[in-house]
Amino acid sequence: MAIVTTSCPHDCSARCLLRCHVEEGVIRRIDTDEGQEPQLRACARGRAYRQRVYHPQRLLQPLVRTGERGEGRFRAISWEEALARVAHELTRVKEEYGNAAIWAATGPGSLTLLHSTPAVSRRFFNLFGGATFKKGGMSGQAAEDASHCTLGVLQAANAPEDILNSRLILLWSWNSAEVVSGCNTTWLLAQGRDRGISVIVIDPRLTDTGVLADEWVPIYPGTDAAMMVAMAYVMLKENLQDQPFLDRYTLGFDRFRAYVMGEEDGQPKTAEWAAEICGVPAATIARLARLYASLKPAALLPGRGMQRAAYGEQSYRAAITLAAMTGNVGVSGGSPAAHWTPGSGEGARIGRLPTGTSPLESVFPTSKWADALLGGEGGYPNIKMVYSVGSNFLNQLPNINKGRRALSRPEAIICHEQFLTPTARFADIVLPVTTHLERCDICVQGEHAIFMPKVIEPLEEARSDLEIFTELAELLGLEGYNGRSDEEWLREFVAGREIPSYEELKERGVYRFQRREKVAFRRQVEEGEPFPTPSGKIEIYSQRLEAMGLPGVPAIPKYVEPWEGRSDPLTASYPIQLITTHGKKTANSVYANLPWLLEVEPHSLWINPLDAASRGIEAGDRVRVFNSRGQTVVPVRITERIMPGVVSLEQGFSYEPGQGTVDYGGSANVLTRDEVTRVGWGGTTNSCLVQVCRYEGEG
Ligand SMILES: Nc1nc2c(c(=O)[nH]1)N[C@H]1C(S)=C(S)[C@@H](COP(=O)(O)OP(=O)(O)OC[C@H]3O[C@@H](n4cnc5c(=O)[nH]c(N)nc54)[C@H](O)[C@@H]3O)O[C@H]1N2
Ligand SMILES: Nc1nc2c(c(=O)[nH]1)N[C@H]1C(S)=C(S)[C@@H](COP(=O)(O)OP(=O)(O)OC[C@H]3O[C@@H](n4cnc5c(=O)[nH]c(N)nc54)[C@H](O)[C@@H]3O)O[C@H]1N2
Ligand SMILES: [Mo]
């Protein structure tokens, strides 16, 4: 049996090592790195990949719709016919309505250097004369906007292993034991804990990361900025802040102080004030403030759940401010508390498929895609055709019931997919795509690159997105889309870069880059280099935000009361806050159909025993979770691992529509609101009120 090493291409923020045991062209088993530490050890999802490649529901032939949109009735057609139809529709819509009428719905299905779903589509549509793209991330948009206006960069963090130099780690909305963020983050965390570093988790749920920590601090969703501002109050009141650091490196701290002390609005932001809002006892807030200000160096590591919310910018701005107040920016063992995702910013070390530039600037906010298709509202481009590649937007973007209505509008919907996802079911033509195991590629993340050889031949008629667009480009007479073999591209990506040679990468399988800078902003703090902001300082007061003058976006970090939070009048009908999380069984909507992974933990709604009891909900029940936008029926898990007043549901599971607005698949987005954060149009799925009741069956 041959052992072939590769990795995964999906959107989970890690690139680990998979070892495929192949016999006569068939994968028999997949395991992972068992070598020297630090390993690139894969999770259960990667190791279960055999079940995904050979899944009985894999799409292996081009399909054309025969039933109504969404019904799921299709007939197989030849590639020749399928591509001719797609080319015809592209030409027709372009001629009748112009390129902006095409929504190129690209998603993160594959995030590698060559077969990248966003890159292959952008390259195609840029040659074709442009298309409309969605704008504003679901992932970390508000965090990025906050980091950019405060620190001048979209992302920044110390090297992952630097947490071992910390004395205190505050994992704020961060669940690295389940939500992957680099290969070894949790392994490092476990080592840190064993060395006696204090680890504290602040999260409405006791996650697996919380289980590993010394302390779990439950907090109401959307209220983190209130707690952080109160920590600042305690520090100022007791004179615990690092004033020399603030004087030297920050801008506008006095204005923040005036807000915190109540000089601005008459309300001192005391621990008691925050306790009312966030549900964390005042004594705990004060204790954490003293701890963070005294135990140094300390790393406040923010996750993204708290910013995928109304006014999500504020929690990150407040976190960065606390990091500055405690002098933890630019020091080993500290953390700037900025947005961070491993794997970005590494592009310069190795090439990738060039996308060219768009001849057209046409966008709408990601969460507003249904409004754009429904037309009228918002002045969005008038969409007549949807072309989806590596995206499951109907299931993954908010307000599925509105989305479903919107999908009756376009004249044509085309989808490249591996499975008949909720989105693909609405397509007119579905084109079957290979998995990464059936094509060759390279992936990069953080400090390493992994060569991804073709492990097996493509199953039946599946083709790569790149092949599909190459053929379409030929049919449409577009020149210059692709004149190279996959291997020629990969050679070009490696040539003249840090990796010595293509052959060496192929031979070794994994290449570890030289680590560049271990401590973010070290030069700014040690050598006096300016921060990359307009003032050269950490902008606690941001002139840029002031100039924008957006409602709910003050120029200094403040707690801004969220919509669909605990004080919203909507609580009269929908009294419970729903958070929809990323989980260990899935990478967004990928893997949600693998039986092996459901054995890890069944899909369920988490609810506190108090909330269950007051509703007559018992273990083993199914519940109906609902609000004005929709309802979903799911099994319940009654557990003290979630605080009262909050329920949680892992996102990614497939929409299975019943009558009206009901879903039986436990799909989170039948409930979520299609609203965006103010600065950069980020997702706000965690600002969502619901009611829960026992499911008694229909009728
Ligand atoms: N296994 C796995 N890994 C993944 C992914 C995946 O689907 N599966 N997805 C990848 C992608 S695309 C992304 S964008 C990232 C997402 O990474 P994150 O956004 O960080 O992940 P989430 O699970 O949404 O949120 C993290 C934690 O925040 C908590 N939380 C929610 N709301 C609040 C709040 O208001 N305050 C506080 N303090 N905590 C809150 C949640 O309970 C959760 O435990 O993960 C990446 N990694
Ligand atoms: N309620 C709620 N909703 C959320 C979130 C949340 O926290 N709460 N998180 C959001 C976040 S952060 C993200 S990033 C989005 C992600 O949501 P999407 O952008 O829709 O991405 P995925 O769910 O990763 O879906 C990728 C699709 O690509 C397909 N695919 C995989 N490989 C390939 C390939 O090589 N080619 C092609 N053509 N297709 C391929 C997969 O089968 C899958 O259907 O979800 C968002 N949705
Ligand atoms: Mo994401």
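Visitor: Report on the overall build of the chain, specifying residues and quantitative values.
Guide: Secondary structure assignment for the chain yields 23 helices and 27 strands. For 699 residues, the compact-globule estimate of 2.2 N^0.38 gives 27 Å, and the chain sits close to it at 25 Å. Here the C-alpha coordinates of the chain stretch approximately 75 × 65 × 50 Å along the principal axes. Expressed as a percentage of the 699 residues in the chain, the buried residues total 62%. Counting only carbon and sulfur atoms, one obtains 48% of the accessible surface of the chain, whose full area is about 25,800 Å². In the chain, which carries 74 positive and 83 negative side-chain charges, the distance between the mean positions of the two groups comes to 1 Å.

Visitor: How would you sum up the site of ligand 1? Please name residues and give values.
Guide: Residues in close proximity to ligand 1 total 33 residues, the closest being Asp203, Asp224, Arg308, Thr586 and Asn588. In the model, an oxygen atom of ligand 1 is placed 2.9 Å from a nitrogen or oxygen of the Ser173 side chain. Contact distances for ligand 1 include 2.6 Å between a nitrogen atom and a backbone N or O atom of Thr586. Considering ligand 1 on its own, with 910 Å² of exposed area, one finds that the protein chains cover 97% of that surface. Of the residues belonging to the shell around ligand 1, the class tally is eleven nonpolar, 14 polar and eight charged.

Visitor: Account for unusual backbone geometry, naming residues and giving values.
Guide: Peptide bonds are trans in most cases, and residues, glycine excluded, mostly fall at negative phi. Residues Glu37 and Pro38 are joined by a peptide bond in cis, for which omega reads -5°. Turning to its location among the elements, Pro38 is positioned in the loop between strand 3 (26–32) and helix 1 (44–47). Residue Pro297 follows Lys296 across a cis peptide bond; omega there is 0°. Structurally, Pro297 can be placed in the loop between helix 12 (282–294) and strand 12 (298–302). Backbone geometry places Tyr311, a non-glycine residue, at a positive phi of 50°. On the secondary structure map, Tyr311 appears in the loop between strand 12 and helix 13 (313–325).

Visitor: Explain the state of the cysteines to me, and be specific about the residues and the numbers.
Guide: In the structure shown here, the tally under the stated rule is zero disulfides. No disulfide involves Cys43; its sulfur sits 6.2 Å from the nearest other cysteine sulfur, which is in Cys16. For Cys43, a relative accessible area of 26% puts it in the partly exposed group. Residue Cys440 stays outside any disulfide, its sulfur separated by 13 Å from that of Cys443, the closest cysteine.

Visitor: Which residues make up the site of ligand 2, and what are the values?
Guide: The environment of ligand 2 is formed by 33 residues, the closest being Gln396, Glu417, Asp465, Ser589 and Asn669. In the environment of ligand 2, a nitrogen atom lies 2.7 Å from a nitrogen or oxygen atom belonging to the side chain of Asp465. A distance of 3.0 Å is found between an oxygen atom of ligand 2 and a side-chain nitrogen or oxygen belonging to His582. Only helix 15 (393–396) and strand 15 (412–417) provide two or more residues apiece to the shell around ligand 2. Grouping the constituent residues of the shell around ligand 2 by class yields seven nonpolar, 20 polar and six charged.

Visitor: Describe the packing of helix 5 (residues 141–151) against helix 13, and please don't skip the residues or the numbers.
Guide: At their nearest, the axes of helix 5 and helix 13 sit 8 Å apart, and the two run at 40° to each other. As far as their axial angle goes, helix 13 and helix 5 are oblique. At the point where helix 5 passes helix 13, the crossing takes the right-handed sense. Together, Ala142, Ala143, Asp145, Ala146, Ser147, Cys149, Thr150 and Leu151 of helix 5 and Glu313, Tyr316, Arg317 and Ile320 of helix 13 make up the contact between the two elements. Of the residues belonging to the contact of helix 5 with helix 13, the class tally is seven nonpolar, two polar and three charged.

Visitor: Just give me the short version of helix 3 (residues 79–97), but keep the residues and values in it.
Guide: Between its first and last C-alpha, helix 3 extends 27 Å over 19 residues, near the 27 Å set by a 1.5 Å rise per residue. Within the span of helix 3, buried status applies to Trp79, Ala82, Leu83, Val86, Ala87, Glu89, Leu90 and Val93. Down the axis of helix 3, the sector holding all buried residues measures 160°, keeping them to one side. Exposed residues lying more than 90 degrees from the buried face of helix 3 are Glu80 and Glu95. Buried residues belonging to helix 3 abut strand 6 (102–106), helix 4 (117–127), strand 14 (385–389), strand 15, strand 16 (429–432) and helix 17 (465–476).

Visitor: Lay out the packing of helix 4 against helix 17 with the relevant residues and their values.
Guide: Look at helix 4 against helix 17: their axes get within 10 Å of each other, and the N-to-C directions meet at 5°. By the angle class used here, helix 4 and helix 17 are roughly parallel. Across the interface between the two elements, Thr117, Val120, Ser121, Phe124 and Phe125 from helix 4 touch Asp465, Leu466, Phe469, Leu472, Ala473 and Leu476 from helix 17. In terms of residue class, the contact of helix 4 with helix 17 is made up of eight nonpolar, two polar and one charged.

Visitor: Quick one: what's the story with the side chain of Asp465, residue by residue and with numbers?
Guide: With respect to the element layout, Asp465 can be found in helix 17. For the buried Asp465, no salt bridge is present, and the opposite-charge side chain at shortest range is Arg439, 4.5 Å distant. Contact partners of Asp465, with chain neighbours within four places excluded, come to Thr117, Val120, Val389, His416, Val433 and Arg439.

Visitor: Before we move on, can you summarise the sheet that holds strand 3 with the specific residues and values?
Guide: Overall, antiparallel pairing links the three strands, which are arranged 1-2-3 in an open sheet. Here the strands that pair on one side only, and so sit at the sheet edges, are strand 1 (2–6) and strand 3. Between one strand axis and the next, the sheet turns through 30° on average, direction left out of account. As defined by bridge partners, strand 1 adjoins strand 2 (residues 18–23) across five bridges and the pair is classed as antiparallel. Among the inter-strand pairings, Ala2 is bridged to a residue of strand 2, identified as Val22.

Visitor: How would you sum up the sheet that holds strand 6? Please name residues and give values.
Guide: Taken together, six strands build an open sheet; the order of strands is 5-4-16-15-14-6 and the sheet is mixed. Both outer strands of the open sheet, strand 5 (74–76) and strand 6, are each paired with one neighbouring strand and no more. In this sheet, adjacent strand axes meet at a mean angle of 15° when their direction is disregarded. Bridge analysis of strand 4 (residues 63–65) against strand 5 gives three bridges, and the strand direction is antiparallel. The residue bridging Leu63 from the neighbouring strand is Ala76, located in strand 5. The strands touched by helix 17 within the sheet are strand 14, strand 15 and strand 16, with strand 14 carrying the most contacts at an inclination of about 140°.

Visitor: So what's going on with the packing of aromatic side chains? Which residues, and what values?
Guide: Counted under the stated rule, the structure contains 25 aromatic pairs. With centroids separated by 5.1 Å and ring planes inclined at 40°, the aromatic side chains of Phe521 and Phe531 adopt a geometry described as tilted. Of this pair, Phe521 sits in the loop between strand 19 (510–512) and helix 20 (522–527) while Phe531 sits in the loop between helix 20 and strand 20 (538–539), and the two are ten residues apart along the sequence. For the pair Phe521 and Phe531, a shared accessibility class is recorded, and that class is buried. In this structure an aromatic cluster arises from ring pairing among Phe124, Phe125, Phe128, Tyr387, Phe469 and Tyr481. Lying across the ring of Trp681, Lys135 places its NZ or CZ 5.7 Å from the centre. For the cation-ring pair, Arg205 lies above Trp606, with the distance from its terminal atom to the ring centre recorded as 5.5 Å.

About the criteria used
Going along each chain's sequence as written, the residues are numbered from 1 onward. Think of it this way: whatever chain is written first is A, whatever ligand is written first is 1, and the rest follow in order. Reporting of local features is limited, given that this is a predicted model, to residues whose pLDDT is at least 70; pairs of side-chain atoms are given and counted only at 80 or more, and all residues count toward the totals for whole chains, interfaces and linings. Working from all heavy atoms in the structure, the side-chain values ignore hydrogens and water. Runs of E in the DSSP output that reach at least two residues are strands. Runs of H or I that reach at least four are helices, and both are numbered from the N terminus. The atom set for the radius of gyration is the C-alpha atoms, and the globule formula is 2.2 Å times the number of residues raised to the power 0.38. Using a 1.4 Å probe on the protein chains alone, a residue whose accessible area is under 20% of its type maximum counts as buried, one over 50% counts as exposed, and one in between counts as partly exposed. Using a 1.4 Å probe, the Shrake-Rupley method yields the accessible areas, and only the shown protein chains count as cover for residues. Residues scored as positive are Lys and Arg, those scored as negative are Asp and Glu, and His as well as the terminal groups of each chain are ignored. Note on charges: their place is set at NZ of Lys, CZ of Arg, CG of Asp or CD of Glu. One heavy atom suffices: a residue is near a molecule or strand as soon as one of its heavy atoms comes within 4 Å of it. What qualifies as a polar contact is a pair of N or O atoms within 3.5 Å, subject to a donor-acceptor requirement within protein and to the restriction that residues adjacent in sequence count only when both atoms come from side chains. Think of it as three bins: nonpolar holds Ala, Val, Leu, Ile, Met, Phe, Trp, Tyr, Cys and Pro, charged holds Asp, Glu, Lys and Arg, and polar takes everything else, Gly as well. When two cysteine sulfur atoms are found within 2.5 Å, that pair is recorded as a disulfide. Angles here are taken between N-to-C directions and fall from 0 to 180 degrees, while the axes themselves are lines fitted to C-alpha atoms, restricted in helices to the stretch in contact. If an angle is under 35 degrees, it is roughly parallel; if it is over 145, roughly antiparallel; if it lies from 65 to 115, roughly perpendicular; otherwise it is oblique. It is the rotation of the near helix from the far one that decides the hand of a crossing: anticlockwise by less than a right angle makes it left-handed, clockwise makes it right-handed. Pairs of residues are marked as contacts when any of their non-hydrogen atoms sit within 4.5 Å. Helix span, as expected, comes to 1.5 Å for every residue beyond the first. What the arc covers is the set of directions going from the helix axis to the C-beta atoms. Any carboxyl oxygen of Asp or Glu that lies within 4 Å of a side-chain nitrogen of Lys or Arg is treated as forming a salt bridge with it. By the convention used here, strands pair only if DSSP detects at least 2 bridges between them. In this scheme Phe, Tyr and Trp rings, the latter by its six-membered ring, pair at centre separations within 6.5 Å, and the angle between planes marks the pair as stacked below 30 degrees, edge-to-face above 60, and tilted otherwise. Note on geometry: a ring has a charge over it if NZ (lysine) or CZ (arginine) is within 6 Å of the ring centre and within 35 degrees of the ring normal.

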